[in-house]
Amino acid sequence: SDVCSSDLPKTVSALIDVVQQRWGTVVETSSVGVVGQSLGGYTVLALGGARLDWPQLEQACRALADPNQVVLNPAVLWQCQAPNQVVTSADMTDRRVRAVVALNPVTSPIFSAASLRQVPVPVLMLAGSNDIFAPPISQQLRPFTALRHPGRVLGLLDHGTHVSFLDGTASLPHFVLGPDPALAREELRGLGLAFFNSHLRRSEEHTSELRHTVISYAVF
C-alpha cells in the first residue's frame, strides 16, 4: 500500500478513538506516543503535525516519467506509486499525539522542510547507515535538520539496515538484516522507553500511577 492513497494516519487516529471509547477510564488517550517504521514512520510524523506537501511530491514524481533521468531511490518510488490519488487534506495531525518515534521513516518528498518545521511535538528519528530502501541522507538526516522542537533526537545505527529494528526477520540474508539485530532492538526499547518517559510522563519521577498508551504501527 502506498503513502499517498492509504490514509494511514487516519487509521491510527481511528484506533485511538476506539481505545478512548472502550478503555478511556484506564488508559490516558490525551497524551499518546506513536511508533512507526518505514511508511509507518511517515504515518507517525503526519500524526505528529507534519503536513503533506502534495505539490512537492508531484513535482518530484515527474522525474520518473523523464527518460533522461534515472531514479534509484526506492523511497521515492514508493511515494510516487499514485501521486494523483491523494487524500483530501494535507493535515492529518492528531492533537492527542504528544511524542513521535520514527524508525527508518520515509519522509521525502512527501514532507517539505517547511512542513517538518511546523511539527509541534518531540521526535526521536532513527536511521540505519546501510539502509538501501529508505536512504538515510535523503529520508532521515536531511529532513531531521528541518525539525525545530527542542525535544528532537536523531540516532544513526552504524551499519544498520532498513529492518535492523524489526523482529521476525531472522530468515533474511545477513546483508539485509545488518549486524546484531537483536542488540539493535534492545537499544531501541531502551531509547524508546526513555524518550516516551521524558515527554509523556507528567513528573520527573515518572510515577507508575500515570498510564499512557503507545500505538505501534509498522508498514513493510
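Report follows, based on the coordinates. All values reported here derive from a predicted model rather than from experimental measurement. (Residues numbered from 1 in each chain as written. Predicted model: local features only at pLDDT ≥ 70, side-chain atom pairs only at ≥ 80, totals over all residues. Heavy atoms only, no water.)

## Notes on the overall build of the protein chain
Selection criterion: The secondary structure listing takes helices from DSSP runs of H or I that are at least 4 residues long and strands from runs of E that are at least 2 residues long, numbered from the N terminus. Only protein chains enter the accessibility calculation, which uses a 1.4 Å probe; a residue whose area is less than 20% of its type maximum is buried, one above 50% is exposed, and one in between is partly exposed. Per-residue accessibility takes into account occlusion by the displayed protein chains alone, with areas from the Shrake-Rupley method and a 1.4 Å probe.
A tally of regular secondary structure across the protein chain gives eight helices and five strands. Order of helices (α) and strands (β) in the protein chain, N terminus to C terminus: α-β-α-α-α-β-α-β-α-β-α-α-β. Evaluated residue by residue, the protein chain yields a buried proportion of 51% over its 220 residues. Carbon together with sulfur atoms contributes 55% to the accessible area of the protein chain, which is approximately 10,900 Å² in total.

## Considerations on the environment of Arg189
Relative to the assigned elements, Arg189 resides in helix H8 (residues 181–200). Distance from Arg189 to Phe165, taken between C-alpha atoms, is 9.5 Å for residues 24 residues apart in sequence.

## Some points on the environment of Leu147
For clarity, the cut-off: Any two residues whose heavy atoms approach within 4.5 Å at even a single point are treated as in contact.
With respect to the helices, strands and loops of the structure, Leu147 is situated in the loop between helix H6 (136–144) and strand S4 (153–157). In this structure the C-alpha to C-alpha distance between Leu147 and Val119, which are 28 residues apart in sequence, comes to 6.9 Å. Residues contacting Leu147, with those up to four places away along its chain left out, are Leu116, Val119, Val123, Met125 and Arg152.

## Observations regarding the side chain of Ser13
Counting through the fold element by element, Ser13 comes out in helix H1 (residues 8–23). Setting aside anything within four residues of it in sequence, one finds Ser13 in contact with Leu47, Asp94 and Arg96.

## Re the packing of aromatic side chains
Here is the rule we go by: Any Phe, Tyr or Trp ring, taking Trp's six-membered ring, that has another such ring centre within 6.5 Å forms a pair; planes under 30 degrees apart are called stacked, those over 60 apart edge-to-face, and the others tilted.
Tallied over the entire structure, the rule returns two aromatic pairs. Aromatic pair Tyr42 and Phe111: ring centres 5.7 Å apart, planes at 25°, arrangement stacked. With Tyr42 in helix H2 (residues 39–48) and Phe111 in the loop between strand S2 (97–103) and helix H5 (113–117), the pair connects residues that are 69 residues apart, well separated along the chain. The pair formed by Tyr42 and Phe111 is uniform in burial state, with each residue classed as buried.

## Here we look at the pattern of salt bridges
The line we're drawing: Basic side-chain nitrogens of Lys or Arg form a salt bridge, by our definition, when they fall within 4 Å of a carboxyl oxygen of Asp or Glu.
A complete count under the given rule lists four salt bridges for this structure. One salt bridge in this structure joins Asp17 and Arg96, with 2.8 Å as the shortest N-O distance. Separated by 79 residues along the polypeptide, Asp17 in helix H1 and Arg96 in the loop between helix H4 (74–79) and S2 bring together distant segments of the chain. By relative accessible area, which is 32% here, Asp17 ends up partly exposed. Connected through shared salt-bridge partners, Asp17, Asp94 and Arg96 make up one network.

## Section: the nonpolar core
Put simply, the test is: What is meant by a nonpolar core is a set of buried Ala, Val, Leu, Ile, Met, Phe, Trp, Tyr and Cys residues, joined one to another through side-chain atoms within 4.5 Å.
Counting 32 residues, the largest nonpolar core has Tyr42, Leu45, Leu52, Val100 and Phe111 as the members making the most contacts within it. Broken down by secondary-structure element, the contributors of at least two residues to this core are H1, strand S1 (28–38), H2, helix H3 (54–61), S2 and strand S3 (123–128). Of the residues forming this core, the biggest block, five residues, is contributed by H2. Not counting the four nearest positions on each side in its chain, Val100 is found in contact with Val34, Val44, Leu45, Gly48, Val121, Pro122, Val123, Leu124 and Phe195. Ala99, Ala184, Phe196 and Leu200 belong to the second-largest nonpolar core, a separate cluster that totals 13 residues.

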